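Here is how the chains run, residue by residue.
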Amino acid sequence: MKKPELLVTVKKLADVLPLIEAGADALSIGEARYGLRNAGDFTVEEIDEAIRLAHSKGAKVYININSLLHNEELDGLDDYLIHLETVGADAVVFGDPAVLVAAKQVAPKLKLHWSMEMLSTSYDTINYWAEKGASRAVLARELTIDETIENQQEAKCEIQAQVHGPTCIFQSKRDLVSAYFGHQGRDMEQEGTSMDRGMYVKEEKRRNISYPVYEDAHGTHIISAEDICMVDGLEDFVNGELDSLKIEGLLHTSEYVIAVTKLYREALDLCVSDVEEYRDKAAEFLQKMEALQPKNRPLNTGFYYKPPIPYHA
């Protein structure tokens, strides 16, 4: 039976080897200049070292260049892509077609993973990008498990799905947090807007639900109030022959992500080698995950077993 790749986001360079030792097959990193919602900000030098360390242990490294680029941001893109190809990056994750065009021209050996959040919902769209040169597509988080498997079966490239962690539910290129503070007459030089600030949006009717919100060079981001957790549902992904399963570490500590990776590694290996035993231990895996989970981040299965509720005006 095919074993999916276990892909994990990395918060800092010091986490590279511990995550690989915990069971990560591949790592997702990026720098703030081009990467959107990275778990941590890596300099070019740190990216080089992360690739060297990972390759020494047989793991892969994917670099996020998944922001929407403006003209002024294209100036250094060619040199960046050439450098990544030279140092052996295993793939770049892109959303903007400008990255694909540039990579094909200046760094043709780089593999390209297409990721456009909620837009990657159908295999026709996925296959369009596969024909353009993408070797992998990252599925939208709003798909059911049946839709996920259908896309895997019909896709002409590899398919990646998220199995754990938070998801982005809103992003705007506008600096909405700064505008809000400015409207209140607050001194923006003293206000922090990064994810480390710990800001939340609360619903008026459900005051117990808090959505993390932060602002960076790419705009404003609002993150889900809950974390996806499929540690007890991996059988569906294995049976569906998914190519890659991602653990998203955004908003979480390094210690948490390492512990979660260890648990998913154990669960995934058992699911592939002895599915009956995995079924017997599925509830135990979930209990262990619940013990690791921060109290303010409930676990759920996302939309895998329930489709999004359509909006009717």
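Residues numbered from 1 in each chain as written. Predicted model: local features only at pLDDT ≥ 70, side-chain atom pairs only at ≥ 80, totals over all residues. Heavy atoms only, no water.

Looking at an unreviewed UniProt entry, one finds the protein chain named Peptidase U32 family protein, with Brevibacillus laterosporus LMG 15441 as its source organism.

With respect to the domain arrangement of the protein chain
Short version of the rule: What fixes the domain bounds is an automatic or database domain assignment. By definition, residues are in contact when any of their heavy atoms lie within 4.5 Å. By definition, a salt bridge exists where a carboxyl oxygen of Asp or Glu is found within 4 Å of a side-chain nitrogen of Lys or Arg. Here a polar contact means two N or O atoms within 3.5 Å. Within protein one must be a hydrogen donor candidate and the other an acceptor candidate, and residues neighboring in sequence count only if both atoms are side-chain atoms. Any residue outside Ala, Val, Leu, Ile, Met, Phe, Trp, Tyr, Cys, Pro, Asp, Glu, Lys and Arg is labelled polar, Gly included; the first ten of those are nonpolar and the last four are charged.
According to the domain assignment, the protein chain consists of domain 1 (5-166 + 228-300) and domain 2 (174-217). On a C-alpha basis, the centroid separation for the pair domain 1 and domain 2 is 27 Å. At the junction of the two partners, domain 1 supplies six residues and domain 2 supplies four residues. Put simply, domain 1 and domain 2 have zero salt bridges between them. Along the contact surface separating domain 1 from domain 2 lie zero residue pairs in polar contact (both at pLDDT 80 or more). Classifying every residue of the side of domain 1 that touches domain 2 gives two nonpolar, two polar and two charged.

Notes on a negative patch on the surface
To keep things clear, this is the line we draw: Patch members must show over 30% relative accessible area and no salt bridge, and they are joined within 9 Å when carrying like charges or within 5 Å when they are nonpolar side chains of Val, Leu, Ile, Met, Phe, Trp or Tyr. Each accessible area is a Shrake-Rupley estimate made with a 1.4 Å probe; only the visible protein chains count as cover when residues are assessed. Neither His nor the chain ends contribute to the count of charged residues, in which Lys and Arg are positive and Asp and Glu negative. Charge positions come from single atoms, namely NZ of Lys, CZ of Arg, CG of Asp or CD of Glu. Helix and strand assignments come from DSSP, with helices taken as H or I runs of at least 4 residues and strands as E runs of at least 2, each series counted from the N terminus.
The grouping of D146, E147, E150 and E154 at the surface amounts to a negative patch. Along the polypeptide, E154 turns up in helix α6 (residues 145-154).

Here's the deal with the side chain of S115
Structurally, S115 can be placed in strand β5 (residues 112-115). Once you skip the residues sitting within four places of it in the chain, S115 turns out to touch V93, F94, G95 and V138.

Here we look at the sheet that holds strand β10 (residues 210-216)
What counts, and what does not: When DSSP finds two or more bridges between a pair of strands, those strands are recorded as paired. Axis lines are fitted through C-alpha atoms, for helices just across the contact stretch, and the angle between N-to-C directions can take any value from 0 to 180 degrees.
Reading across the sheet, the four strands line up as β8-β11-β10-β9 and stay open at both edges, with antiparallel pairing between neighbours. Every interior strand has two partners, whereas the edge strands, β8 (168-172) and β9 (199-202), have only one. Adjacent strand axes in the sheet meet at a mean angle of 30 degrees when their direction is disregarded. Pairing of β9 with β10 involves four bridges; the strand directions are antiparallel. Counterpart to M199 in the pairing with β10 is V213.

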